[in-house]
Amino acid sequence: GPEKSSQIKIFAGDCVPRKKPSPDIYNLAREDYQVRPEDVVVIEDSGIGLAAAKAAEMSCVVTMSTYTRNDDFSEADHIVDDLVSGDVDLTTIEGLATSTQWEDWGVDRDIMNSGVGRGRW
């Protein structure tokens, strides 16, 4: 609802000097949330976005679309048609994060303190 959505930060291309495939947008978000690249899993839908995520040294899930179905996604950590039919949930995302820094990601590291953390779903 509006209460939660008003707390979500949007990081768009106009926030950084260089656009994807430069990793600038992902590095800005990582710095803002004060997390390490290995603690981040990016969800992208294009080869350019995948290249940006990998340049930022982050794991990446790719959701294919009719526009990007023929792109090279060989560097992706996980490829699905969409998040629902691909069964991408928080457990999947957790498994793709390469970090072992936190036994539990903790409420302070969750998306806008939503109360979802490693082992809580």
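That block above? That's the structure.
Residues numbered from 1 in each chain as written. Predicted model: local features only at pLDDT ≥ 70, side-chain atom pairs only at ≥ 80, totals over all residues. Heavy atoms only, no water.

Engineer: What am I meant to see in the overall build of the protein here?
Structural biologist: From N to C terminus, the protein includes four helices and three strands. Counting helices and strands in the order they occur from the N terminus, the protein gives α-α-β-α-β-β-α. The 121 residues of the protein split such that 37% are buried. Once local pairs closer than 6 in sequence are excluded, the contacts in the protein between residues at least 24 apart make up 37%. Accessible surface computed for the protein: about 7600 Å², of which carbon and sulfur atoms make up 52%. (Helix = DSSP H or I, 4+ residues; strand = E, 2+ residues; numbered from the N terminus. Buried < 20%, exposed > 50% of the residue type's maximum accessible area, 1.4 Å probe, protein only. Contact = heavy atoms within 4.5 Å. Areas by Shrake-Rupley, 256 points an atom, 1.4 Å probe, with all protein chains shown as cover.)

Engineer: What exactly am I supposed to notice about helix 3 (residues 47–55) here?
Structural biologist: Turning to helix 3, its buried residues are Gly47, Gly49, Leu50, Ala52 and Ala53. Note on helix 3: the residue one or two positions beyond its end, Glu57, has a positive phi of about 65°.

Engineer: How should I be thinking about the pattern of salt bridges in this particular structure?
Structural biologist: It is possible for side chains bearing opposite charge to pair when their charged atoms get close. The tally for this structure, following the rule as stated, stands at eight salt bridges. A salt bridge links Glu38 to Arg36; the nearest nitrogen and oxygen atoms lie 3.3 Å apart. (Salt bridge = Lys/Arg side-chain N within 4 Å of Asp/Glu carboxyl O.)

Engineer: What's the story with the packing of aromatic side chains in this structure? I'm lost.
Structural biologist: The geometry of two aromatic rings is summed up by the distance between their centres and the angle between their planes. Taken as a whole and assessed by the stated rule, the structure comprises one aromatic pair. Note that Lys9 overlies the ring of Tyr33, its terminal NZ or CZ placed 5.5 Å from the centroid. (Phe/Tyr/Trp six-rings, centres within 6.5 Å; stacked < 30°, edge-to-face > 60°. Lys NZ or Arg CZ within 6 Å of the ring centre and 35° of its normal.)

Engineer: Looking at this model, I keep getting lost on the nonpolar core. Mind explaining?
Structural biologist: Generally speaking, soluble globular proteins have nonpolar side chains that are buried together. Counting 15 residues, the largest nonpolar core has Tyr26, Val42, Leu50, Met58, Cys60 and Val62 as its most contacted members. Breaking this core down by element, the ones donating at least two residues are helix 2 (24–33), helix 3 and strand 2 (59–63). Ranked by residues supplied to this core, first place goes to helix 3 with three residues. Grouped together as the second largest cluster of nonpolar side chains are seven residues, Val61, Val88, Ile93 and Leu96 included. (Core = buried A, V, L, I, M, F, W, Y, C linked by side-chain atoms within 4.5 Å.)

Engineer: Mind showing me how you'd approach the pairing of strand 2 here?
Structural biologist: Looking down a regular strand, the side chains alternate between one sheet face and the other. Of all the five residues making up strand 2, five are buried; the element is thus mostly covered by neighbouring parts of the structure. Alternating positions in strand 2 separate into two faces, Ser59, Val61 and Thr63 on one and Cys60 and Val62 on the other, with burial throughout. With four bridges joining them, strand 1 (residues 41–44) and strand 2 adopt parallel strand pairing. For Glu44, the partnering residue across the bridge sits in strand 2 and is Val62. Regarding the hand of the β-α-β motif, the stretch spanning strand 1, helix 3 and strand 2 is right-handed. Judged from the three bridges that link them, strand 2 and strand 3 (residues 78–80) form a sheet pairing that is parallel. Following the sheet pairing, Val61 is matched in strand 3 by His78. (Pairing = 2+ DSSP bridges. Right-handed = clockwise from strand over helix to strand, strands pointing away.)

Engineer: Where do I start with unusual backbone geometry in this structure?
Structural biologist: With glycine set apart, most residues show a phi of negative sign, and most peptide bonds adopt trans. Following Lys20, the chain continues into Pro21 via a peptide bond in cis, with omega recorded as 20°. With respect to the secondary-structure elements, Pro21 resides in the loop between helix 1 (2–5) and helix 2. One non-glycine residue, Glu57, adopts positive backbone phi at about 65°. Position of Glu57 relative to the elements: it lies in the loop between helix 3 and strand 2. Note on Glu57: relative accessible area 63%, which makes it exposed.

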